[in-house]
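Listed below, chain by chain, are the residues.
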Amino acid sequence: MRWGLIGASNIAARHMIGAFRAAGGEVAAVMSADAARGRAFAEAHDIARAAASVEDLLGADIDAVYISTTNEKHLAQALAAVTAGKHVLCEKPLALTVADARAMVRAADDAGVVFATNHHLRNAGSHLAIKQLIDDGRIGEVLSMRIFHAVLLPDHLRGWRIDNPSAGGGVILDIVVHDADTARFHLDEDPVQVAAMDSEGALGRGVEDSVMSVWRMPSGVMVQTHESFTHPHAGSGLEVHGTAGSITARDVMTQRPVGEVALRTAGATASTEAVAFSGHNLYIRAVERFMRATVGEGAPAATGLDGVKSLAVAAAVKQASVSGAQVAVDYGDAAAEAN
Ligand code: NDP
């Protein structure tokens, strides 16, 4: 597969270019809005062609695009790529509104191209092991989930994320979408109602840098989440509590295949056991799944619909936080589509 990169971004440089190549793909071209930056990026990453516009990039000999520009640009770029018949792997959040995200996914469906969301956490060995434990009934009936995803935003990411609402900055669009996708992945249901409170602390300038929220699932399961850019020592993790046991996972809400997962079971033989999991690269698995989907073998790890739904949860969290009221998650007509 020949890839065109829309966006000379950090995530492309640090994770995705390596993943495309490791999965057997070729990175044929990169597009930057700044021609000199694009040329420098292409040279630094051994990419043959630097394109100065989306149209220029789409005119190159490529099969798929990876969109990792700032969030307000995803919509127009994805629509252009779909119109040109390219498969699309798009960064999260897919867009700034659920309606825009839905339009992108619908356009891809109409054009018959594969559209996926780069929610990497579903691809982690840790999360695949946790999901297996839940599906195997090892903790009985699930009662609740807690996700803690409060980090200290590294210096190299402290640009638009902390001061630019029109580019989709703020911790809700940045991290809540990942946690929403992770909860949906593990529980196989979509949050229906949320309550939330956010704050603009040490880093945010015009956008929130911390948020806590509670989500109700259709089954009655409750999910509690905490996302932040300002916590140096909190670590990340996830807990799932059930009628027959609990899963506790530390340092698993991350880009790397690290962390610890433990299973505590109930009953006379109550015990806590460490759970082994695969240490494969999250992004390579995502790209491999995407590439297989383009030849009719299965679906991407996280589909376009998954990206629409994770954004709908984040939008509800923001609305609940601003209004102080509980908010029903509005999936639009995506609600009718099975996961
Ligand atoms: P960056 O800030 O690195 O890049 C975004 C845009 O900013 C680029 O497209 C580029 O514009 C411009 N830019 C980047 N570096 C510079 C620079 N040094 N000087 C001037 N302009 C610059 O964004 P991220 O990589 O952090 O995020 C990009 C997207 O990926 C977002 O949608 C984000 O939410 C998502 N993301 C997803 C992750 C995941 O694990 N799934 C992890 C991190 C981010 P141009 O292309 O025009 O040169």
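All residue numbers here refer to positions counted from 1 along the written sequence of the relevant chain. Reporting in this predicted model follows two pLDDT cut-offs: at least 70 for local features of residues, and 80 or more for side-chain atom pairs to be given and counted; totals over whole chains, interfaces and linings ignore these cut-offs and use all residues. Only heavy atoms go into the side-chain values, all of them from the structure, while hydrogens and water stay out.

A.B. asks: Describe helix H1 (residues 10-22), naming the residues involved and giving the relevant values.
C.D. replies: One turn of the α-helix equals 3.6 residues, which is why residues spaced by three or four share an orientation. Only DSSP runs of H or I covering at least 4 residues are called helices, and only runs of E covering at least 2 are called strands; the numbering of each starts at the N terminus. By this rule the span expected of a helix is its residue count minus one, scaled by 1.5 Å. Taking 1.5 Å per residue, 13 residues should reach 18 Å; H1 reaches 18 Å between its end C-alpha atoms and fits that length. Listed in full, the buried residues belonging to H1 are Ile 11, Ala 12, Met 16, Ile 17, Ala 19 and Phe 20. It only takes one pair of heavy atoms within 4.5 Å for two residues to be counted as in contact. Considering only its buried residues, H1 is in contact with strand E1 (2-6), strand E2 (26-31), helix H2 (35-44), strand E4 (64-67), strand E5 (87-90) and helix H9 (282-294). Taking the backbone nitrogen of Ala 12 as reference, a side-chain oxygen 3.1 Å away marks Ser 9 as the first, capping residue of H1. Each residue gets one of three labels from its accessible area relative to the maximum for its type: buried under 20%, exposed over 50%, partly exposed in between, using a 1.4 Å probe on protein chains only. Whenever a nitrogen or oxygen atom comes within 3.5 Å of another N or O atom, the pair is scored as a polar contact, on the condition that within protein one atom can donate a hydrogen and the other can accept it, and that pairs from neighbouring residues in sequence are kept only if both atoms are in side chains.

A.B. asks: How would you summarise the nonpolar core if you had to cite specific residues and measurements?
C.D. replies: A general trend in soluble globular proteins is that nonpolar side chains are found buried together. Core analysis: the biggest nonpolar cluster contains 77 residues, and Val 65, Phe 115, Trp 215, Val 240, Ile 247 and Val 317 have the highest contact counts within it. Contacts of Phe 115, omitting those with residues within four sequence positions, involve Ala 78, Val 88, Cys 90, Leu 94, Met 104, Val 105, Ala 108, Pro 300, Thr 303 and Gly 304. Residues belong to one nonpolar core when they are buried, are Ala, Val, Leu, Ile, Met, Phe, Trp, Tyr or Cys, and are joined through side-chain atoms within 4.5 Å. Judged by nonpolar contacts, the second largest core, of 26 residues, contains Val 30, Phe 41, Ala 64 and Val 287.

A.B. asks: Can you explain the pairing of E1? Please cite residues and give values.
C.D. replies: Of all 5 residues that make up E1, 4 are buried, and the element is covered over most of its length. Two strands qualify as a pair provided DSSP detects at least 2 bridges between them. Relative to E2, E1 runs parallel, the two being bridged by 5 bridges. Among the inter-strand pairings, Arg 2 is bridged to a residue of E2, identified as Glu 26. When the strands point away from the viewer, a crossover counts as right-handed if the route from the first strand across the helix to the second turns clockwise. In this fold, the crossover linking E1 to E2 by way of H1 has right-handed handedness. Bridge analysis of E1 against E4 gives 4 bridges, and the strand direction is parallel. Across the sheet, Gly 4 pairs through a bridge with Val 65, a residue of E4.

Without other data, these values stay purely geometric and don't point to any function.
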